[in-house]
Amino acid sequence: DRPPPQVPPPRHGGGGAQVQEEVDDIDPTVCQFCLRQDPTFTPETVDVHYWRECPMLIQCDFCQQVIEIATLLDHLSEECEAGPPARAQAQQMTPGLCPLCNAAVGNGEDEDWRDHLIRDGCPRNPRDASR
């Protein structure tokens, strides 16, 4: 069996009260990463979406944690429990480029990542809905 999904928290800039306010306003029927709206989403079904389907997320090849593609370089270089093999992979990646296909991702903002991974469709994203 697979380990239970570990879904990354959404990235937020800034701090304190605004972040708490945003957390309070999260619509449970909308994926916080790809912004897909599905009225059938419940906390359990949205977790399945994160774990298996969301085109903004990927399972780390080294530790199996589900993380944002936008943060894969940071994950491998700083957080991954696999250690040296993950760090070696991170050293082969370039900041500002998609870690899957090496395309430039604008300013690296959430919208830039959504454009690349969803609107344009990253050719190497295993979760690309158009495949």
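What counts, and at which threshold
Each chain carries its own residue numbering, running from 1 in the direction its sequence is written. Side-chain atom pairs in this predicted model are given and counted only at pLDDT of 80 or more, local residue features only at pLDDT of at least 70, and totals for whole chains, interfaces and linings cover all residues. Hydrogens and waters are ignored; side-chain quantities use all the structure's heavy atoms. Think of each axis as a best-fit line through the C-alpha atoms, taken over the contacting stretch in the case of a helix, with angles from 0 to 180 degrees between the N-to-C directions. By definition, any uninterrupted DSSP run of H or I lasting at least four residues is a helix, any uninterrupted run of E lasting at least two residues is a strand, and each is numbered from the N terminus. Angles are sorted into four bins: roughly parallel if under 35 degrees, roughly antiparallel if over 145, roughly perpendicular if 65 to 115, and oblique for all others. In a left-handed crossing the near helix is turned counterclockwise from the far helix by less than a right angle, and in a right-handed crossing that turn is clockwise. Contacts are assigned to residue pairs that have any heavy atoms within 4.5 Å of one another. All residues other than Ala, Val, Leu, Ile, Met, Phe, Trp, Tyr, Cys, Pro, Asp, Glu, Lys and Arg, Gly among them, are scored as polar; the first ten of these are nonpolar and the last four charged. Throughout, exposure labels follow a simple rule: accessible area from a 1.4 Å probe, protein chains only, divided by the maximum for the residue type, with under 20% read as buried, over 50% as exposed, and the rest as partly exposed. Every residue is assigned a pLDDT by the predictor, reflecting its confidence on a scale from 0 to 100. Basic side-chain nitrogens of Lys or Arg form a salt bridge, by our definition, when they fall within 4 Å of a carboxyl oxygen of Asp or Glu. Cysteine sulfur atoms that pair up within 2.5 Å are treated as a disulfide.

It is worth spelling out the packing of helix H3 (residues 72–79) against helix H4 (residues 84–91) at this point. At a closest axis distance of 7 Å, the pairing of H3 and H4 adopts a crossing angle of 140 degrees. Between H3 and H4, the interaxial angle falls into the category oblique. With respect to the hand of their crossing, H3 and H4 are arranged in left-handed fashion. Here H3 contributes Leu73, Leu76, Ser77 and Glu78 to the contact with H4, which in turn contributes Ala86, Arg87, Gln89 and Ala90. For the contact of H3 with H4, the residue count by class is 4 nonpolar, 2 polar and 2 charged.

This part is about helix H2 (residues 43–53). Looking at H2, one finds that the buried residues are Val46, His49, Tyr50 and Trp51. Residues of H2 that are buried in the fold lie against strand E1 (57–59) and strand E2 (66–68).

A word on the confidence of the model for the protein chain. For the protein chain, mean pLDDT is 85; residues scoring 70 or higher make up 79% of the total. Of all helices and strands in the protein chain, the one with the weakest mean pLDDT is helix H1 (residues 16–24) (46), whereas H4 scores best (97). In the model, residues 12–23 has pLDDT below 50 throughout and makes 3 contacts with residues more than four positions away in sequence or in other chains.

A separate point is the pattern of salt bridges. One pass over the structure, following the stated rule, counts 5 salt bridges. The salt bridge involving Asp120 is made with Arg119; its shortest N-O contact spans 3.0 Å. Here Asp120 and Arg119 have matching classes, each one exposed. Put simply, Arg36, Asp38 and Glu53 are held in one network by salt bridges that share partners.

Among covalent bonds in proteins, the disulfide is the one between the sulfur atoms of two cysteines. The tally for this structure, following the rule as stated, stands at 0 disulfides. Unpaired in this structure, Cys34 has its nearest cysteine sulfur neighbour in Cys31, at a distance of 3.6 Å. Judged by relative accessible area, which is 12%, Cys34 ranks as buried. With no disulfide of its own, Cys80 lies closest to Cys60 among cysteine sulfurs, the gap being 3.8 Å.

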